[in-house]
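Given next are the chains, with one letter for each unit.
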Amino acid sequence: MSNMQPAAPVFLLRLPEVISRVGLKKTAIYARIAAGTFPRPVTDGGVSRWVEAEIDAWIGQLIAKRDAGGKGA
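All of these numbers come straight from a predicted model, not from anything done at the bench.

Definitions and limits used
Residues numbered from 1 in each chain as written. Predicted model: local features only at pLDDT ≥ 70, side-chain atom pairs only at ≥ 80, totals over all residues. Heavy atoms only, no water. Salt bridge = Lys/Arg side-chain N within 4 Å of Asp/Glu carboxyl O. Helix = DSSP H or I, 4+ residues; strand = E, 2+ residues; numbered from the N terminus. Buried < 20%, exposed > 50% of the residue type's maximum accessible area, 1.4 Å probe, protein only.

Tell me about the pattern of salt bridges, and please be specific about residues and values.
Within the structure shown, the criterion is met by three salt bridges. A salt bridge links arginine 21 to aspartate 56, with the shortest nitrogen-to-oxygen separation between them at 2.9 Å. One end of the pair, arginine 21, is in helix α1 (residues 15-22); the other, aspartate 56, is in helix α3 (residues 52-67), with 35 residues separating them in the sequence. What makes arginine 21 partly exposed here is its relative accessible area of 37%. A relative accessible area of 39% places aspartate 56 in the partly exposed class. Put simply, arginine 66 and aspartate 67 hold a salt bridge, and the shortest N to O gap is 2.7 Å. Residue aspartate 67 is classed as exposed on the basis of its relative accessible area of 54%. Because the salt bridges share partners, they merge into one network encompassing Arg21, Glu52 and Asp56.

What follows is the structure, encoded as structure tokens:
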């Protein structure tokens, strides 16, 4: 028997949910993915989903950059 705690659940978001959360259009999201500045999706059978925690972290990085006086994404 292990004393390890179970990992936190991983939630996957569909593109419309990502668009709603980040306020970017599909083309801007994919352009940023290509530039390496936005989380890449997980794909399965041609369906793309984004890891919710990675999207939340990306938003957090934008906020941290703003608070540090840097330019946004």
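Read on for the rest.
A description of the environment of proline 6 should follow, citing residues and the corresponding values.
Structurally, the position occupied by proline 6 is in the segment before β1 (12-13). Assessed through its relative accessible area of 71%, proline 6 is described here as exposed.

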